[in-house]
Structure formats: structure tokens, C-alpha cells
Amino acid sequence: MSDHQSNDETVLPDGGDVPRETVSIPTEIELPRLLDFYELQDPEHTQIHEFYENLRDGRFTTTECRECGELHFPPRIVCPECTSDDLEYVDLPHEGEMYSFTEVRGTSAIGMNGDTPFVAGVVDLGPIRLSARVDDASYEDLEIGSAVRLKIVEIDGPTDQDRVFYRFTPV
């Protein structure tokens with residue numbers, strides 16, 4: 001007798017019948033929205049949508065407080081230093097250097113596990129340091145101080161939105 005019978009009944013030793021059916025396991029799992037690493041980037045879903053609009057236009061920006069002059073990354077809607085909401089978007093350099101880095105070799109999040117290994121690190125842009133992925137390089141290709149340049153990637157994911165994000169590549 002097969003373990004997988006569709007809508008058949010199996011006769012048990014005590015004479016009772018137990019319904020049985022076959023279920024299928026998907027060979028591919030669509031990435032659920034809840035596991036999507038990249039946020040929705042329109043004004044309805046984030047108050048820093050201007051950052052993504054600028055990035056889409058090729059500008060790498062962040063917010064600076066007009067009250068105390070503090071520069072923030074990621075962009076903010078309220079200054080964490082003086083609590084002012086008088087912030088403006090300012091341009092950041094497109095080139096910097098590796099401050100620290102590592103290679104991610106283990107399994108990543110569901111739906112992203114075919115992407116390892118990759119390099120992630122802290123990039124020093126001068127006015128700020130930020131964490132970012134570094135494409136087109138392995139751990140052995142980089143050293144502290146290696147020059148890197150901004151790379152804008154388009155996100156093809158489980159939403160109908162045109163989304164972008166930033167990464168860096170070696171110069």
C-alpha cells in the first residue's frame with residue numbers, strides 16, 4: 001500500500017476507515033512580504049521617501065539638522081541630538097574607503113540564501129560611516145582603506161513598487 005493515496009480510505013485493523021490524501025510541497029517558495037529586507041519607499045509607507053527618490057535620481061543623500069548642524073545616517077525625520085524636525089537633505093560623497101569588513105558565508109535570510117558569500121562592511125565617506133554591502137569583491141580582494149564607490153541597485157521583489165538601494169564596489 002502506498003503512503004500517499006489521493007482521497008482513498010485505508011482500512012485499519014480495528015475495521016475503522018481513515019481518510020487519506022496526498023499533499024504537495026512547493027519546489028519554490030515566493031518571498032513573503034514580511035521577510036523582504038527592503039522597505040516600501042513611497043510617501044505612504046515611509047517618511048524618508050525623499051532619500052529613495054534622490055537615490056533613484058543618482059544622488060546619495062542624508063539629513064542634516066538646520067538647528068544644530070548634526071549629520072545623520074540613515075536619514076531621520078527628527079534630530080536625535082536636539083529633537084528638532086527642521087532637517088534638510090544634503091549630498092554625500094559617492095566614494096569612500098573601507099573602515100572594516102567581513103565576508104558573510106553562512107546561510108542568509110529565506111529567499112536570499114543563494115547569494116552567499118558576499119562582503120559587508122563599514123564604509124567611511126568622510127562626514128559619516130555607514131554599513132553597506134560591497135559587490136564585485138571577495139574578502140581577499142579588500143583591505144582596510146580600500147577605495148570603494150557607490151553602486152545603486154534596483155530591487156526586484158514581491159511588490160509592484162520600483163525600489164532602489166545602495167551598495168558599494170571597489171574602485
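Here the structure is a predicted model, which is why all the values come from computation and not from measurement. (Residues numbered from 1 in each chain as written. Predicted model: local features only at pLDDT ≥ 70, side-chain atom pairs only at ≥ 80, totals over all residues. Heavy atoms only, no water.)

A word on the overall build of the protein chain
A count of helical and extended segments in the protein chain gives 1 helix and 10 strands. Scanning the protein chain from its N terminus toward the C terminus, one meets helices and strands in the order β-β-α-β-β-β-β-β-β-β-β. The 171 residues of the protein chain split such that 33% are buried. Taking the contacts inside the protein chain whose residues are at least 6 apart along the sequence as the reference set, 47% of them involve residues at least 24 apart. Here the protein chain displays about 11100 Å² of accessible surface, and carbon together with sulfur accounts for 47% of that area. (Helix = DSSP H or I, 4+ residues; strand = E, 2+ residues; numbered from the N terminus. Buried < 20%, exposed > 50% of the residue type's maximum accessible area, 1.4 Å probe, protein only. Contact = heavy atoms within 4.5 Å. Areas by Shrake-Rupley, 256 points an atom, 1.4 Å probe, with all protein chains shown as cover.)

With respect to unusual backbone geometry
Residue Pro74 follows Phe73 across a cis peptide bond; omega there is 0 degrees. Looking at where Pro74 falls in the secondary structure, it is placed in the loop between strand 4 (71–72) and strand 5 (87–91). The phi angle at Thr83 is positive, at roughly 65 degrees, despite the residue not being glycine. Structurally, the position occupied by Thr83 is in the loop between strand 4 and strand 5. Not every positive phi belongs to a glycine, and Asp136 is a case in point at roughly 60 degrees. Take Asp136: it is sitting in the loop between strand 8 (129–134) and strand 9 (147–155).

So, the sheet that holds strand 5
Ordered by their spatial adjacency, 3 strands build an open sheet running 4-3-5, and the pairing between neighbours is antiparallel. Both edges of this open sheet fall to strand 4 and strand 5, since each of them pairs with a single strand only. The sheet contact formed by strand 3 (residues 61–65) and strand 5 spans 5 bridges and is antiparallel. Its bridge partner being in strand 5, Glu64 is matched across the sheet by Glu88. (Pairing = 2+ DSSP bridges.)

Overview of the nonpolar core
Counting residues in each nonpolar core, the largest one holds 28 residues, and the members touching the most others are Phe51, Phe60, Phe73, Leu125, Leu130, Tyr166 and Phe168. Secondary-structure elements contributing two or more residues to this core are helix 1 (49–56), strand 6 (95–104), strand 7 (118–124), strand 8, strand 9 and strand 10 (163–170). (Core = buried A, V, L, I, M, F, W, Y, C linked by side-chain atoms within 4.5 Å.)

So, the confidence of the model for the protein chain
Mean pLDDT for the protein chain: 85, with 78% of residues reaching 70 or above. Residue range residues 1–6 is modelled with pLDDT below 50. Its contacts to residues more than four positions away, or to other chains, number 11 contacts. (pLDDT = per-residue confidence, 0-100.)

Re the packing of aromatic side chains
Evaluated as defined, the whole model comprises 10 aromatic pairs. On the basis of an interplanar angle of 85 degrees and a centroid distance of 6.4 Å, the ring pair of Phe51 and Tyr166 is categorised as edge-to-face. A residue pair is termed long-range when its members are at least 10 positions apart, and Phe51 in helix 1 and Tyr166 in strand 10 qualify at 115 residues. Take Tyr166: its relative accessible area is 8%, and that puts it in the buried class. Ring geometry for Phe101 versus Tyr139: centroids 5.1 Å apart, planes at 55 degrees, classification tilted. (Phe/Tyr/Trp six-rings, centres within 6.5 Å; stacked < 30°, edge-to-face > 60°.)

As for helix 1
In an α-helix, one turn spans 3.6 residues, which is why side chains three or four residues apart end up on the same side. Among the residues making up helix 1, those that are buried are Phe51, Tyr52, Asn54 and Leu55. For helix 1, the arc enclosing every buried residue in end-on projection is 160 degrees, short of the 170-degree limit, so these residues lie on one face. Those residues of helix 1 hidden inside the fold are in contact with strand 3, strand 5, strand 9 and strand 10. Two residues or fewer past helix 1, Gly58 is found with a positive phi of approximately 90 degrees. (Arc of directions from axis to C-beta.)

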